[in-house]
Amino acid sequence: MKWQQRLEQYRDGELGDVDAREIEAMLEDPAHQAYDASLNALGAAARASMPRAGIADEQLPAFMAGIREGVERPQRGYRGFWALASLSTAALIVALSVFSVIMLKSQDAVHSTVEAAATEIEGAEIDTYVDDDGTAVVWVSDTGSDTW
Amino acid sequence: MSVALESVLLYEGSVTEPDRENRVIEADDAELVSRARTGDFAAYEALVRQYRNDVFALAYHFVRNREEAWDLSQEVFIKAHRALKRFRGDASFKTWVLRITANQCKDFLKKRRLKTVSFDGSPQAANRPSADLDPRDRAEAHELGQAIQRAVDTLPVKHRTAFVLREIEGLSYQEMAGVMNCSVGTVMSRLHHARRKLRNLLEKSGFALEGTSASKENTS
């Protein structure tokens, strides 16, 4: 394989003058000659069957118009993506919070019962009651200081 | 006056005519790139005008369709314009834009999952045997052309790129290394494998590569 690659380098014009002399000696071998000939044939056949397509001068204005349009088009940057992602996350958090608040509020209230109430204020009275929400209310009134 | 002086200063020691020409082109390109970076679209247009056929030809070799090659080429130049600030100038503008082309084509083929590409038969792409050949030779030449195109299409993208850049576009190994973003040694290896595979495929199809031409072997 090494001699084949050397021949390829030679054919591709990639060897200097010193190396080229070595190659010319190599080409005296019929097998090397055959390989060199096949390289030439392959290249020639490829160039003949794969012609170089191009953009004609008269097509250039249309070509440039497309490029100019693309260049002037605002680019969708990654910054936009991250802003959108942040906004979406924030919205999700708010939605989850509202949802959890609604769910908690709809739970049945725990009813409490006042088992005992006492005060050390002399002459004071204590009353308790539990409202519909289950909230226990205790109030202490000092009837001695009432003015009529 | 100052532009002419810059061009003269690039000529160091003894250089061959092609080297001199390449250096002048590179100096001109550097100036155009510099102006294009500042928003001078006319300068960028000059670069597009200079290299549009190199880009289009390479794209066409992959997709074998003029419309798709046209779109791809425009995308390449749009991308190149956006990336101008990142162009360091260590490779020539041509090598750099061809690298973008090769990458763009690779991505395009991946998306399309093109394993074989049908010959689109458009006038500019057609393998048109010479009218000077007799009908039998013309038919044979047409058949060979189709066989070569089919064979090239079966190559892995890296090998196909190497073969096209060398045999059709005539790039040097150094330029190819720049386009394919690999070492010169890798370029040589890919090229060797591409040629070997193509030779084997053509021989299996009954085409002999000998002398300075390829011909169908008589099987009768």
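Residues numbered from 1 in each chain as written. Chains lettered and ligands numbered in written order. Predicted model: local features only at pLDDT ≥ 70, side-chain atom pairs only at ≥ 80, totals over all residues. Heavy atoms only, no water.

Chemist: Summarise the overall build of chain B; cite the residues concerned and give the values.
Modeler: When its secondary structure is counted, chain B shows nine helices and two strands. Starting at the N terminus and walking to the C terminus, you meet the elements of chain B as α-α-α-α-α-α-α-α-α-β-β. By residue count, 45% of the 220 residues in chain B fall in the buried class. Contacts in chain B between residues at least 24 apart in sequence constitute 57% of all its contacts with a sequence separation of at least 6. Carbon and sulfur atoms make up 48% of the accessible area of chain B, which amounts to about 11,700 Å² in all. (Helix = DSSP H or I, 4+ residues; strand = E, 2+ residues; numbered from the N terminus. Buried < 20%, exposed > 50% of the residue type's maximum accessible area, 1.4 Å probe, protein only. Contact = heavy atoms within 4.5 Å. Areas by Shrake-Rupley, 256 points an atom, 1.4 Å probe, with all protein chains shown as cover.)

Chemist: Any chance you could break down helix H9 (residues 184-204) of chain B for me, citing the residues and the numbers?
Modeler: Residues spaced three or four apart along an α-helix point in a common direction, a consequence of the helix completing one turn every 3.6 residues. Residues and elements named next belong to chain B. Helix length check: H9, at 21 residues, gives a terminal C-alpha distance of 30 Å against a target of 30 Å (1.5 Å per residue), a fit within 8%. Among the residues of H9, those classed as buried are Val187, Met188, Arg190, Leu191, His192, Ala194, Arg195, Leu198, Arg199 and Leu202. Two residues or fewer after H9 comes Gly206, characterised by a positive phi angle close to 95°. (Expected span 1.5 Å × (residues − 1).)

Chemist: Pulling in residues and values, what's your account of the packing of helix H3 (residues 41-63) of chain B against helix H7 (residues 157-168) of chain B?
Modeler: Residue and element names in this part refer to chain B. One way to put it is that H3 packs onto H7 with a least axis distance of 11 Å and a crossing angle of 135°. In terms of orientation, H3 and H7 fall into the oblique class. The two elements H3 and H7 meet at a crossing, and its hand is right-handed. On H7, the residues touching Leu58, His61 and Phe62 of H3 are Val157, Arg160, Thr161, Val164, Leu165 and Ile168. (Axes fitted to C-alpha atoms, helices over the stretch in contact; angles between N-to-C directions. Parallel < 35°, antiparallel > 145°, perpendicular 65-115°, else oblique. Left-handed = near helix turned anticlockwise from the far one by under 90°.)

Chemist: Tell me about the packing of H3(B) against helix H5 (residues 93-112) of chain B, and please be specific about residues and values.
Modeler: Residue and element names in this part refer to chain B. One can describe the packing of H3 onto H5 by two numbers: an axis separation of 9 Å at closest approach and a directional angle of 35°. Between H3 and H5 the crossing geometry is right-handed. On H5, the residues touching Tyr44, Leu47, Tyr51, Asp54, Val55, Leu58, Ala59, Phe62 and Val63 of H3 are Phe93, Lys94, Val97, Leu98, Thr101, Ala102, Cys105, Phe108 and Leu109. Classifying every residue of the contact of H3 with H5 gives 15 nonpolar, one polar and two charged. (Nonpolar A, V, L, I, M, F, W, Y, C, P; charged D, E, K, R; others polar.)

Chemist: If you had to explain the layout of surface pockets to someone new, which residues and values would you point to?
Modeler: Any empty space left between the atoms is revealed when a probe the size of a water molecule rolls over them. Space inside the largest pocket adds up to approximately 930 Å³. Together, 27 residues line the largest pocket, and Glu75(B), Ile78(B), Lys79(B), Ile100(B) and Gln104(B) are the ones closest to its centre. Those elements that place two or more of their residues in the lining of the largest pocket are helix H4 (60-72) of chain A together with helix H4 (66-82) and H5 of chain B. The greatest single-element share of the lining of the largest pocket, amounting to eight residues, is contributed by H5(B). (1 Å grid on protein atoms, 1.4 Å probe; cavity = no way out; pocket = protein on both sides within 12 Å on 5 of 7 lines; lining within 4 Å. Points joined across faces, edges and corners; volume = space filled by probe spheres on them.)

Chemist: How would you summarise the interface of chain B and chain A if you had to cite specific residues and measurements?
Modeler: Counting residues at the interface gives 52 residues for chain B and 41 residues for chain A. Summed over both partners, the interface of chain B with chain A buries about 4,200 Å², with 62% contributed by carbon and sulfur atoms. Summed over the shared surface of chain B and chain A, the number is seven salt bridges. One salt bridge in this structure joins Asp12(A) and Arg166(B), with 3.1 Å as the shortest N-O distance. (Buried area = accessible area lost by both parts, 1.4 Å probe. Salt bridge = Lys/Arg side-chain N within 4 Å of Asp/Glu carboxyl O.)

Chemist: An account of the pattern of salt bridges is needed here, citing residue identities and associated values.
Modeler: In total, this model carries 16 salt bridges over all chains according to the counting rule given. The residue Arg195(B) makes a salt bridge to Asp12(A) at a minimum N-O spacing of 2.8 Å. You can see Arg195(B) sitting in helix H9 and its partner Asp12(A) sitting in the loop between helix H1 (2-11) and helix H2 (17-26), one on each of two chains. Here Arg195(B) and Asp12(A) have matching classes, each one buried. A salt bridge links Asp90(B) to Arg88(B); its shortest N-O distance comes to 3.3 Å. Look at Asp90(B) and you get exposed, because its relative accessible area is 63%. Salt bridges linked by common partners bring Glu8(A), Asp12(A), Arg47(A), Arg166(B), Glu167(B) and Arg195(B) together as one network.

Chemist: Give me the lowdown on the packing of aromatic side chains, citing residues and values where you can.
Modeler: Residues and elements named next belong to chain A. Inspection of every chain in the model, using the stated rule, returns nine aromatic pairs over all chains. Considering the side-chain rings of Trp3 and Tyr35, the 5.5 Å spacing of their centres and the 75° angle between planes classify their relative orientation as edge-to-face. Residue Trp3 is found in helix H1, and its partner Tyr35 is found in helix H3 (residues 30-49); the two are separated by 32 residues along the sequence. Overall, Tyr35 belongs to the buried group, its relative accessible area being 7%. (Phe/Tyr/Trp six-rings, centres within 6.5 Å; stacked < 30°, edge-to-face > 60°.)

Chemist: Any details on the confidence of the model for chain B? Residues and values, ideally.
Modeler: Residue and element names in this part refer to chain B. Mean pLDDT over chain B works out to 80, with 74% of the residues at or above the 70 mark. Least confident of the elements in chain B is helix H1 (residues 2-9), whose mean pLDDT is 37; most confident is H4, at 96. Note on residues 1-15: pLDDT is under 50 here. Beyond four places in sequence and across chains, it has eight contacts. Confidence drops under pLDDT 50 across residues 116-129; counting only partners more than four residues distant or on other chains, this segment forms 35 contacts. Taken together, the chains of this predicted complex give a pTM of 0.67 and an interface ipTM of 0.74. (pLDDT = per-residue confidence, 0-100.)

Chemist: Can you tell me about unusual backbone geometry, naming the residues and giving the values?
Modeler: Residue and element names in this part refer to chain B. Positive phi values are uncommon outside glycine, yet Arg64 reaches one of about 55°. Its location among the elements puts Arg64 in the loop between H3 and H4. Phi angles above zero are rare outside glycine, and Asn181 is one such case at about 55°. As for its position among the elements, Asn181 is in the loop between helix H8 (173-180) and H9. With relative accessibility at 59%, the residue Asn181 sits in the exposed group.

Chemist: Describe the pairing of strand E1 (residues 124-130) of chain A, naming the residues involved and giving the relevant values.
Modeler: All names here are of chain A. Relative to strand E2 (residues 136-142), E1 runs antiparallel, the two being bridged by seven bridges. When the sheet's bridge partners are listed, Asp127 is paired in E2 with Trp139. Here E1 folds back onto E2, and the loop between the two strands holds five residues, one of which, Gly134, carries a positive phi near 90°. (Pairing = 2+ DSSP bridges.)

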